[in-house]
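Summary of the model geometry
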Amino acid sequence: MDFKEIKMSKLLYIKANAKADGESRTFRISDSFIKAYKEKYPADEVVELDLYEAGLGFLPKGKINELREAVQQNDRNHPILKFAYEFAEADKYVIAEPIWNLGLPAILKAYIDYVAVGGITFTYTEKGPVGLCHNKKAVNIITRGGDYSSESMETLEMADRYLRNIFGFMGITDFETIATDRLDVITEDTDKLMEGAIQKAEEAALAF
Ligand SMILES: Cc1cc2nc3c(=O)[nH]c(=O)nc-3n(C[C@H](O)[C@H](O)[C@H](O)COP(=O)(O)O)c2cc1C
């Protein structure tokens, strides 16, 4: 009999929005993705990390050196580093964020400052920094009030672009984006936009 090793994946679902779950359009789309994913891959582990519920703050003043020492001691229970270790252990990432003021919600940037840690998710080499997160993939589920499809608007968009770059920096270059634009354009049929976005997310989940 041919026994093949079946590797289960660990998916980290990172949620960044101050709105309550029931009110967020971004979360409606990302929750649909997660639901479809769980149905398709029931054996995989899905860990939900709501950054607001986790009470994530900024990197505390005067603690950066302490962090470096904690990395050297491989302190996996450190209140800040535990997020970086959790991040490094995941195989897949689903990020749910609305664009805020052309960028990402500040709490998501704060999270990146927690997880982009030398010695855990990237390392320094003679050739410069190199990502340590290999063979992983990410999808960024983002909603935006405006329309960023034109070239002039695209350059203003720094939420998805930033995330794609910083994930790449950590070694995660398989990075997909599911963007829903024009949700605050008053002439738009937003129900229809949401319907299309949910369908797209559910389809993407099956191949994730
Ligand atoms: C603080 C704040 C800043 C925003 N900035 C932008 C922006 O720069 N560009 C844009 O297109 N939409 C912007 N929006 C609109 C949201 O991105 C959009 O309504 C999104 O769909 C909200 O998703 P949600 O329902 O999950 O919160 C902003 C909304 C808020 C609350």
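Since we're looking at a predicted model, the values are computed, not measured. (Residues numbered from 1 in each chain as written. Predicted model: local features only at pLDDT ≥ 70, side-chain atom pairs only at ≥ 80, totals over all residues. Heavy atoms only, no water.)

What UniProt calls "binding site: FMN" (unreviewed entry) maps, in this numbering, to Thr-143, Arg-144, Gly-145 and Gly-146. Here Thr-143 shows up in strand β6 (residues 137–143). Filtering out sequence-adjacent residues up to four positions away, Thr-143 remains in contact with Arg-25, Thr-26, Ile-29, Glu-97, Pro-98, Ile-99, Thr-180 and Leu-183. Locating Gly-145 in the fold gives a position in the loop between β6 and α5 (151–154). Those residues within four positions of Gly-145 in sequence are excluded, and the remaining contacts are Arg-182, Leu-183, Asp-184 and Val-185. (UniProt positions renumbered as here; feature names shortened; annotations may be inferred. Helix = DSSP H or I, 4+ residues; strand = E, 2+ residues; numbered from the N terminus. Contact = heavy atoms within 4.5 Å.)

Quick look at the site of the ligand now. The ligand sits among 17 residues. The nearest are Ser-24, Thr-26, Thr-143, Tyr-148 and Asp-184. At 3.1 Å from an oxygen atom of the ligand is found a main-chain nitrogen or oxygen belonging to Gly-145. Out of a free accessible area of 650 Å², the ligand has 76% covered by protein chains. Grouping the constituent residues of the shell around the ligand by class yields six nonpolar, seven polar and four charged. (Near = heavy atom within 4 Å. Polar contact = N/O pair within 3.5 Å; in protein donor to acceptor, adjacent residues only side chain to side chain. Areas by Shrake-Rupley, 256 points an atom, 1.4 Å probe, with all protein chains shown as cover. Nonpolar A, V, L, I, M, F, W, Y, C, P; charged D, E, K, R; others polar.)

Okay, the pattern of salt bridges next. Within the structure shown, the criterion is met by twelve salt bridges. For Glu-39, the salt bridge identified is with Lys-35, shortest N-O distance 3.5 Å. Residue Glu-39 and its partner Lys-35 are located together in helix α1 (residues 25–40), separated by four residues, close to a single helical turn. With a relative accessible area of 57%, Glu-39 lands in the exposed category. Measuring nitrogen to oxygen at the nearest pair gives 2.7 Å for the salt bridge that ties Glu-157 to Arg-144. Residue Glu-157 is located in the loop between α5 and α6 (160–169), and its partner Arg-144 is located in the loop between β6 and α5; the two are separated by 13 residues in the primary sequence. The exposure classification of Glu-157 matches that of Arg-144, with both residues buried. Through salt bridges with shared partners, a single network forms among Lys-10, Arg-76 and Glu-89. (Salt bridge = Lys/Arg side-chain N within 4 Å of Asp/Glu carboxyl O. Buried < 20%, exposed > 50% of the residue type's maximum accessible area, 1.4 Å probe, protein only.)

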